[in-house]
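Structural characterization, general
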Amino acid sequence: MTEPEIMKGMKNHMDLSQKSTENIHFMVEEIIKKLKMATAAAMNPEHFSIERYEDIKDIYELVSSKSNYSISEMEAIVKELGDLRK
């Protein structure tokens with residue numbers, strides 16, 4: 001099974017309606033992978049508070065909905081993630 005298949009399977013088993021640290025980790029890691037972020041180290045999942053769960057989920061859903069992003073879209077997403085850090 002390839003990594004995308006594994007991740008797709010994980011997504012199907014993740015209940016993102018439940019606020020949890022594990023779900024934050026999952027969503028942030030998926031956002032980083034999807035955007036192929038060069039600054040991934042700066043976006044450590046531990047840097048996000050559970051209080052920002054809904055905001056992170058909104059970004060995750062946005063990122064999951066498209067396959068390609070313009071540079072300006074990527075910059076806006078990275079800025080928003082930076083603003084959500086603890």
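Structure: see above.
Below or above, wherever it landed, is the structure these notes cover. (Residues numbered from 1 in each chain as written. Predicted model: local features only at pLDDT ≥ 70, side-chain atom pairs only at ≥ 80, totals over all residues. Heavy atoms only, no water.)

**Describing the pattern of salt bridges**
Where charged atoms from two side chains of opposite charge come close, those side chains can pair. Our working definition: Criterion for a salt bridge: a side-chain nitrogen of Lys or Arg within 4 Å of a carboxyl oxygen of Asp or Glu. We count a stretch as a helix when DSSP gives it H or I for four or more residues in a row; a strand needs E for two or more, and each element gets its number in order from the N terminus. Only protein chains enter the area calculation, which uses a 1.4 Å probe; residues under 20% of their type maximum are buried, those over 50% are exposed, and those in between are partly exposed.
Taken as a whole and assessed by the stated rule, the structure comprises five salt bridges. Here Glu30 makes a salt bridge to Lys33, at a shortest N to O gap of 3.6 Å. A residue pair is termed a helical-turn pair when its members lie 3 or 4 positions apart in one helix, as Glu30 and Lys33 do in helix α2 (residues 21–35) at three residues. On the accessibility criterion, Glu30 (18% relative accessible area) is buried.

**Points about α2**
Filter applied, for reference: In this scheme, a helix's expected span is set at 1.5 Å multiplied by one less than its residue total.
In this model α2 runs 21 Å from its N-terminal to its C-terminal C-alpha over 15 residues, within 8% of the 21 Å that 1.5 Å per residue would give. All buried positions along α2 are accounted for by Asn23, Ile24, Phe26, Met27, Val28, Glu30, Ile31, Ile32 and Leu35. Looking at the residues trailing α2, positive phi occurs at Lys36, about 50 degrees.

**Section: the packing of helix α3 (residues 53–65) against helix α4 (residues 71–84)**
Test applied: Angles here are taken between N-to-C directions and fall from 0 to 180 degrees, while the axes themselves are lines fitted to C-alpha atoms, restricted in helices to the stretch in contact. Small angles under 35 degrees read as roughly parallel and large ones over 145 as roughly antiparallel, with 65 to 115 read as roughly perpendicular and the rest as oblique. In this scheme the handedness of a crossing depends on how the near helix is turned from the far one: anticlockwise by less than a right angle means left-handed, clockwise means right-handed. The contact criterion used throughout is that any non-hydrogen atoms of two residues lie within 4.5 Å. Each residue is assigned to one of three groups, with Ala, Val, Leu, Ile, Met, Phe, Trp, Tyr, Cys and Pro labelled nonpolar, Asp, Glu, Lys and Arg labelled charged, and all others, Gly among them, labelled polar.
The contact between α3 and α4 brings their axes to 10 Å, and the two run at 165 degrees. Taken together, the axes of α3 and α4 lie roughly antiparallel to each other. Seen along the crossing, α3 lies across α4 with a hand that is left-handed. Residues Asp55, Ile56, Ile59, Leu62 and Val63 of α3 form the contact with α4, whose participating residues are Ile77, Glu80, Leu81 and Leu84. Looking at side-chain class alone, the contact of α3 with α4 contains seven nonpolar, no polar and two charged residues.

**Focus: the packing of α2 against α3**
Where α2 meets α3, the closest approach of the two axes is 9 Å, and the angle between their N-to-C directions is 35 degrees. Relative to α3, α2 is oriented so that their crossing is left-handed. For the pair formed by α2 and α3, the contact residues are Asn23, Ile24, Phe26, Met27, Val28, Glu30, Ile31, Lys34 and Leu35 on the first element and Tyr53, Ile56, Lys57, Ile59, Tyr60, Val63 and Ser64 on the second. Across the contact of α2 with α3, the residue classes tally to eleven nonpolar, two polar and three charged.

Functional significance is not addressed by these values, which are geometric in nature.
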